[in-house]
Amino acid sequence: FLPVIILFFVGLLAIYSSTLNNPNANDNFEKQLIWGIIAFSIFFITYSLPTNTFKAIAIPTYLFTILLLILVIVAGRRIYGARSWFEFGPFGFQPSELAKVGIIFALAAFLSRSNTNIESFKDIIITLAIGLLPVGLILLEPDMGTSLVYFGIILMMIFWKGISLFGLFVVLSPAIVALSSLFGAVYLWSALILVVICLIFFKKDIFFSGSIFALNLASGFFVNYVYGALSPHQQIRIKSFINPSFDPLGAGYNALQVRVAIGSGGLLGKGFLAGHQTQLQFIPEQWTDFIYSVIGEEFGFIGTILVLSIFLYLFLRILKLAANAKDEFLSLTLIGILAVYFIHLFINIGMVVGIMPIIGIPLPFVSYGGSSLVVDVFMLGVAANIYRTRKDYI
């Protein structure tokens, strides 16, 4: 709880600084403070519930979030080309954030059943179906960034369940080949050669290995069709990730400016409210997806490392709790929560330093946003609840 409180207040400082000279966003600090009060109130309620409540509400929560994802496609507000928000007066809510809880609970409930065999083709298909149904709905909004988080949740939970290295290879390799194809034919064929080497290493029969290779080959060539189905601004973002100078005043602008901001902070930073990139508003929406650049510019390398260290401590505590939990549902739930936090951290900071495309992923507990804050703190409440009753379940 204490590391998250620290992260929340660091976020408040960065939100205040990044919105101080922006008349269109100078009330975001107050809004985030209100959302914080709501979120931490939910934390204490969640912390006090009987631990077996989470298993009881797993499937209803999943079905409810699926319903919300369908409704938002039909009646949600369109922001930045994606119909992914419900509005309630001055506040908005993003169902895809709550759906993360639904998918974690549902996957944990299915994978923890006594008759589930993660190595069987049938159970792998069911697991992927549970995870990919909300992904499909989110892609219809469209919101590619959030869908990547869901893929990460699925992979980490089936890995924790005990899927073999070969099973993980079967699940991951098509995605890796598809991603490689975006960088050109040389990368595509290099990835396919690597797939062949891995298939030889695993020594499966020729028919099965040929089927896996065909699947990878199809994913590599099919990605062009998927790329063509993306909206124009998403295509430009991908091109700008591969080459930021492709559109330096457009889609590549943010990628270039955030690196200038975080690099200019040096070791100790320029000081609170003294960052030039931040105060002169060179980076649009810097209080959300790019808030780490604000921390880097004003608090320097020391500030960014401190934030990473706090996250690392939180991750290790959750991982230790998951490893010691004897109840498989609770253990898988903790890993799902850890997956959400870790993937958000990796992608968000990756966007700032230029190793990930700009896809709109907030930094947990730090970035401005009520939906993400409430859901992240709720999941923290689940983890703290499991810790509270550890003598019963560990």
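Up top is the structure these notes are about.
Residues numbered from 1 in each chain as written. Predicted model: local features only at pLDDT ≥ 70, side-chain atom pairs only at ≥ 80, totals over all residues. Heavy atoms only, no water.

> Hey, could you run me through the overall build of the protein chain in this one?
For the protein chain, the helix and strand inventory stands at 17 helices and three strands. Buried residues in the protein chain amount to 51% of all 394 residues. Here the protein chain displays about 18200 Å² of accessible surface, and carbon together with sulfur accounts for 72% of that area. (Helix = DSSP H or I, 4+ residues; strand = E, 2+ residues; numbered from the N terminus. Buried < 20%, exposed > 50% of the residue type's maximum accessible area, 1.4 Å probe, protein only. Areas by Shrake-Rupley, 256 points an atom, 1.4 Å probe, with all protein chains shown as cover.)

> Would you take a moment to explain helix 8 (residues 165–181) for this structure?
Side chains that are three or four residues apart share a direction in an α-helix, a result of its 3.6 residues per turn. Look at helix 8: 24 Å from first C-alpha to last across 17 residues, which is about the 24 Å you get at 1.5 Å a residue. Of all the bends in helix 8, the greatest, near 35°, is centred on leucine 172, and the proline proline 174 appears no more than four residues after it. Every buried residue belonging to helix 8 is among Phe166, Gly167, Leu168, Phe169, Ser173, Pro174, Val177, Ala178, Ser180 and Ser181, and all of these are buried. (Expected span 1.5 Å × (residues − 1). Bend = angle between axes of the 7 residues up to and from the residue.)

> Whenever I open this one, the pattern of salt bridges confuses me. Can you help?
In a structure, side chains of opposite charge can pair up when their charged atoms sit close to one another. Under the definition given, this model contains five salt bridges. In this structure, aspartate 27 engages lysine 31 in a salt bridge whose closest nitrogen and oxygen atoms are separated by 3.8 Å. In this structure aspartate 27 comes out as partly exposed when scored by relative accessible area, which is 33%. Where lysine 161 meets glutamate 328, a salt bridge forms, and the shortest distance between an N and an O atom there is 3.0 Å. Here the residue lysine 161 occupies a position in helix 7 (residues 144–161), and glutamate 328 occupies one in helix 15 (residues 328–353), the gap between them amounting to 167 residues. According to the relative accessible area criterion, glutamate 328 is partly exposed, its value standing at 32%. (Salt bridge = Lys/Arg side-chain N within 4 Å of Asp/Glu carboxyl O.)

> What's the story with a nonpolar patch on the surface in this structure? I'm lost.
Taken together, the side chains of Leu13, Tyr16, Leu20, Phe272 and Leu273 define a hydrophobic patch exposed on the protein surface, amounting to about 400 Å² of accessible area. Tracing the backbone shows phenylalanine 272 in the loop between helix 12 (251–264) and helix 13 (276–279). The class for phenylalanine 272 is partly exposed, based on a relative accessible area of 36%. (Patch = residues over 30% accessible without salt bridge, like charges linked within 9 Å, V, L, I, M, F, W, Y side chains within 5 Å.)

> Help me out: how do you make sense of the packing of aromatic side chains in this one?
The description of an aromatic ring pair uses the distance of the two centres, along with the angle that the planes make with each other. This model, assessed by the stated rule, comprises 20 aromatic pairs. On the basis of an interplanar angle of 55° and a centroid distance of 5.6 Å, the ring pair of phenylalanine 1 and phenylalanine 44 is categorised as tilted. With phenylalanine 1 in the segment before helix 1 (2–19) and phenylalanine 44 in helix 2 (residues 28–48), this residue pair connects regions lying 43 residues apart in the sequence. By relative accessible area, which is 40% here, phenylalanine 1 ends up partly exposed. On the basis of relative accessible area, phenylalanine 44 is assigned to the partly exposed category, the value being 45%. Among the aromatic residues, those joined into a cluster by ring pairs are Phe1, Phe8, Phe9, Phe40, Phe43, Phe44 and Tyr47. Positioned over the ring face of tyrosine 387 is arginine 317, at 5.8 Å from the centre of the ring. (Phe/Tyr/Trp six-rings, centres within 6.5 Å; stacked < 30°, edge-to-face > 60°. Lys NZ or Arg CZ within 6 Å of the ring centre and 35° of its normal.)

> Please explain the nonpolar core as it appears in this structure.
The nonpolar side chains of soluble globular proteins are, as a tendency, buried together. With 96 residues, the main nonpolar core has Phe311, Tyr341 and Met379 as its most contacted residues. Among the nonpolar cores identified, the runner-up in size contains 10 residues, and Phe169, Val177, Val195 and Ile212 belong to it. (Core = buried A, V, L, I, M, F, W, Y, C linked by side-chain atoms within 4.5 Å.)

> Got a minute to help me understand the packing of helix 14 (residues 291–324) against helix 15 in this structure?
Packed helix pairs are specified by the crossing angle of their axes together with the interaxial distance, meaning the distance between the axes. Remark: helix 14 packs on helix 15, axes separated minimally by 10 Å, with the N-to-C direction vectors making an angle of 165°. On the basis of the axis angle, helix 14 is roughly antiparallel to helix 15. By crossing handedness, the relation of helix 14 to helix 15 is classed as left-handed. Across the interface between the two elements, Tyr292, Ser293, Leu308, Phe311, Leu314, Phe315, Ile318, Leu319, Leu321 and Ala322 of helix 14 pack against Ser331, Leu334, Ile335, Leu338, Tyr341, Phe342, Leu345, Asn348, Ile349 and Val352 of helix 15. Partitioned by chemical class, the residues of the contact of helix 14 with helix 15 number 17 nonpolar, three polar and no charged. (Axes fitted to C-alpha atoms, helices over the stretch in contact; angles between N-to-C directions. Parallel < 35°, antiparallel > 145°, perpendicular 65-115°, else oblique. Left-handed = near helix turned anticlockwise from the far one by under 90°. Contact = heavy atoms within 4.5 Å. Nonpolar A, V, L, I, M, F, W, Y, C, P; charged D, E, K, R; others polar.)

> Sorry, what's going on with the environment of isoleucine 66 here?
Along the chain, isoleucine 66 turns up in helix 4 (residues 58–75). On the accessibility criterion, isoleucine 66 (11% relative accessible area) is buried. In the structure, isoleucine 66 is positioned 33 residues away from alanine 99 in sequence and 7.2 Å away in space, judged by C-alpha atoms. If near-sequence neighbours (up to four positions away) are discounted, isoleucine 66 is found in contact with Leu133, Pro134 and Leu137.

> Would you mind showing me how to read the environment of alanine 178 here?
Tracing the sequence through the fold places alanine 178 in helix 8. In this structure alanine 178 comes out as buried when scored by relative accessible area, which is 16%. Separated by 44 residues in sequence, alanine 178 and phenylalanine 222 have C-alpha atoms that sit 7.9 Å apart. Contact partners of alanine 178, with chain neighbours within four places excluded, come to Ser219, Gly220 and Val223.

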